[in-house]
Amino acid sequence: MKRIPRITRPVFVAVALLVPAVTSASLAAADDGPGPLGVTAVAAVTTQSARVGALFAAGRAGRLAGGHFCTASVVRSPHHNVIVTAAHCLDDTGNLVFVPGYRDGRAPHGVWTVRRRFLPDGWAKGQDEDSDVAFAVLDDRGGRGVEDVVGGNRFTAGTATGATAVTVTGYPNSREVPVSCTNKPVAHSRTQQRIACPDFTGGTSGSPWVNGDGRVVGVLGGHEQGGATADISYSVALGKESAELYEDAATDP
C-alpha cells in the first residue's frame, strides 16, 4: 500500500475519451523518453514538478515538515482549482490541505485548502481497486486558483497503456522532497496498468503519470492501493468512470 497509516481521521479542458494514443511528442520526442528509463531520483525544481504536491491533514498547515501522507497534482479546469489523486487518499473525513511544489517543510506556492472531494461510486461503496482515482476542489487564495499559480496538466482518459513513456512524480513519506522516474507502463490487466520504478514507497499514492504532452494518463493507486513493493507501482486504466468524475469536479461551482 503506497500510503502511510491513517495518522489522523483526519471544462475548459475536455477529457479525451478513447482518443488515439499520442506518440509524436513523448518525453524526448521519442517513445522511450529521455532516458535512462526506470531510474528514480529527486525531482528537479521545474514548472512541471511545481504542479505536483503533497497532501496534509489541515492541522499540519503550520508545521508541514514530516506531515505529508499522499501525493496529488493540479489538472486543468474551468475554475482553475482541481487536483487529482488516488481515491484512498481522500476517503478519510478530516480536513485536508494541498501544498504544490512542497520541499523541505516549505510551501513555495502556498497552502491550499481542500473544499470538496469527488470519489467514484465504485470506491465510495466498496473500495473497488478499479475505482481508485479521485478529485478535489480547492479554495481560492487571494482571488486566484491553484492553476493560476502553478499551471496544470490535462487529465486524459482512454489513452492506450504504454503508448509512450510517462514520468511519475511523488512524495515518499520518508523524504521531504519529491522523487521522479520515467518509464513505459505496461498492462497489468484490462483495468489496471503498472510501471517499474524503484523507491516509490508509502506516500506516493496519487502521484500523476504524465506523458510528454503534459497529459495525466495514470494516477498511482489501484491494485494493492498502488503496489505492495517499492519497485512496482500501479494505476487504474483511466476510463469512463474517471472521466465523468473529472467533469463533475471541473464544473463544480
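A short tour of the structure in this document, coming up.

Procedures and definitions
- Residues numbered from 1 in each chain as written.
- Predicted model: local features only at pLDDT ≥ 70, side-chain atom pairs only at ≥ 80, totals over all residues.
- Heavy atoms only, no water.
- Pairing = 2+ DSSP bridges.
- Helix = DSSP H or I, 4+ residues; strand = E, 2+ residues; numbered from the N terminus.
- Disulfide = S-S within 2.5 Å.
- Buried < 20%, exposed > 50% of the residue type's maximum accessible area, 1.4 Å probe, protein only.

**Quick notes on the sheet that holds strand β10 (residues 179-183)**
Sheet architecture is open: six strands sit in the order β1-β10-β9-β13-β14-β8, paired in mixed fashion. Pairing within the sheet leaves two strands with one partner each, and these edge strands are β1 (40-42) and β8 (154-155). Two strands pair when backbone bridges link them, and strand β13 (residues 208-210) and strand β14 (residues 215-219) are joined in this way by three bridges, in the antiparallel orientation. Across the sheet, the residue bridging to valine 210 is valine 216, located in β14.

**Thoughts on the state of the cysteines**
With the rule as written, the count across this model stands at two disulfides. Paired by a disulfide, cysteine 70 and cysteine 89 hold their sulfur atoms 2.1 Å apart. Residues cysteine 70 and cysteine 89 are joined through a disulfide that is left-handed, its torsion about the S-S bond being -75 degrees. Here cysteine 70 is found in strand β3 (residues 68-75), whereas its partner cysteine 89 is found in the loop between β4 (82-85) and β5 (96-100), with 19 residues between them in sequence. Cysteine 89 carries the same exposure label as cysteine 70, and that label is buried. Covalently, cysteine 181 is tied to cysteine 197 through a disulfide, its sulfur atoms 2.1 Å apart. Negative torsions about the S-S bond denote left-handed disulfides, and the value of about -80 degrees found for cysteine 181 with cysteine 197 makes this one left-handed. One end of the pair, cysteine 181, is in strand β10; the other, cysteine 197, is in the loop between β12 (192-196) and β13, with 16 residues separating them in the sequence. The buried category is assigned to cysteine 181, whose relative accessible area is 1%. What connects to what in the protein chain, once the bonded cysteines are numbered by sequence position, is 1-2, 3-4.

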